[in-house]
Amino acid sequence: MSIPTDRECIEYLIDAGCKKRVIIHCCTVRAVADEMLTRIPGANKDLVVAGALLHDIGRAKDHSIMHAYYGSKMVEEYGLPSELVEIVRKHTGAGLDDEDVKELGLPPGDYIPTTLEEKIVAHADNMVSDNRVVVHDHSVSKLTNKGAFRGADRVELLHMELSDLYGQDLDIIPKKIGEYPKLKIVDELDLE
């Protein structure tokens, strides 16, 4: 199956049972990813956009760390491309290592983003708190406060890697697009 359009992604989120708040969050993550794509060459834009919109589809079933795993299974059941399944499964923080997977009781598997598209979606999500665009330290502080020091370090490293590719510190994004960016798709589909 091909990569779904914006409208198709929103329809999947609605069909799965996602609340409007989750859909607006996903649209905000998409706005951050869109900005990253303006200066990071080589990424498949359609895949990043669909991944950003679908990354939290699992929140229709669960709001724990398991939402990424459940979401990946939902995307797979919809028959969507395996690259999207992987983006959804690997989007939490800057990924989860084997130790995290064991500690959190997740099914065994690879939860570390490795492709450029997986990394962009994961970090765009790190830069959105609910529907507000934030600097990456917001996620780093949350992880540090939970004692998830390895996760916080991975977010820092991912931030540096993508900032280098972008050619500027990504923490400029809240200023560039605004803390509450205009979300065209939300307006078009009357989701507010």
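Further up the page is the structure itself.
None of the values given here were measured: they were computed from a predicted structure.

Rules used throughout
- Residues numbered from 1 in each chain as written.
- Predicted model: local features only at pLDDT ≥ 70, side-chain atom pairs only at ≥ 80, totals over all residues.
- Heavy atoms only, no water.
- Salt bridge = Lys/Arg side-chain N within 4 Å of Asp/Glu carboxyl O.
- Buried < 20%, exposed > 50% of the residue type's maximum accessible area, 1.4 Å probe, protein only.
- Axes fitted to C-alpha atoms, helices over the stretch in contact; angles between N-to-C directions.
- Helix = DSSP H or I, 4+ residues; strand = E, 2+ residues; numbered from the N terminus.
- Parallel < 35°, antiparallel > 145°, perpendicular 65-115°, else oblique.
- Left-handed = near helix turned anticlockwise from the far one by under 90°.
- Contact = heavy atoms within 4.5 Å.
- Arc of directions from axis to C-beta.
- Core = buried A, V, L, I, M, F, W, Y, C linked by side-chain atoms within 4.5 Å.

**Student:** Looking at this structure, how should I read the pattern of salt bridges?
**Tutor:** Once their charged atoms are close, side chains differing in charge can pair, the charge on each being opposite to the other. Counted by the stated rule, this structure contains 18 salt bridges. Notably, a salt bridge pairs Asp56 with Arg59, separated by 3.2 Å at the nearest N-O pair. The buried category is assigned to Asp56, whose relative accessible area is 3%. For Arg59, a relative accessible area of 23% translates into the label partly exposed. Here Asp97 makes a salt bridge to Arg154, at a shortest N to O gap of 3.1 Å.

**Student:** For this particular structure, what's the right way to read the packing of helix H3 (residues 45-54) against helix H7 (residues 116-126)?
**Tutor:** Helices that pack against each other are described as a pair by the angle of their axes relative to one another and the distance between those axes. Two numbers describe how H3 lies on H7: the axes approach to 9 Å, and their chain directions differ by 40°. The angle between H3 and H7 places the two elements in the oblique class. H3 and H7 meet at a crossing whose hand is right-handed. Counted together, Leu47, Val48, Gly51 and Ala52 of H3 and Glu117, Ile120 and Val121 of H7 form the full contact between these two elements.

**Student:** How should I be thinking about helix H1 (residues 6-16) in this particular structure?
**Tutor:** Structural remark: α-helix, 3.6 residues per turn; residues separated by three or four positions point the same way. Along H1, the positions that sit buried rather than exposed are Cys9, Ile10, Tyr12 and Leu13. Seen end-on, H1 carries its buried residues on one side only, within an arc spanning 155°. Backbone geometry just downstream of H1 places Gly17 in the positive-phi region, at approximately 100°.

**Student:** Looking at this structure, how should I read the nonpolar core?
**Tutor:** With 53 residues, the main nonpolar core has Met36, Leu54 and Ile120 as its most contacted residues. Only H1, helix H2 (20-37), H3, helix H4 (67-77), helix H5 (82-89), H7, helix H9 (149-166) and helix H11 (184-188) provide two or more residues apiece to this core. Considering every element that reaches this core, the biggest residue donor is H2, with eleven residues. In contact with Ile120, not counting residues within four places along its chain, are Ala33, Met36, Leu37, Ile40, Ala43, Val48 and Leu162. Of all hydrophobic cores here, the second largest spans five residues; its members include Met66, Leu96, Val101 and Tyr111.

Remember, this is a structural readout, not a statement about activity or role.
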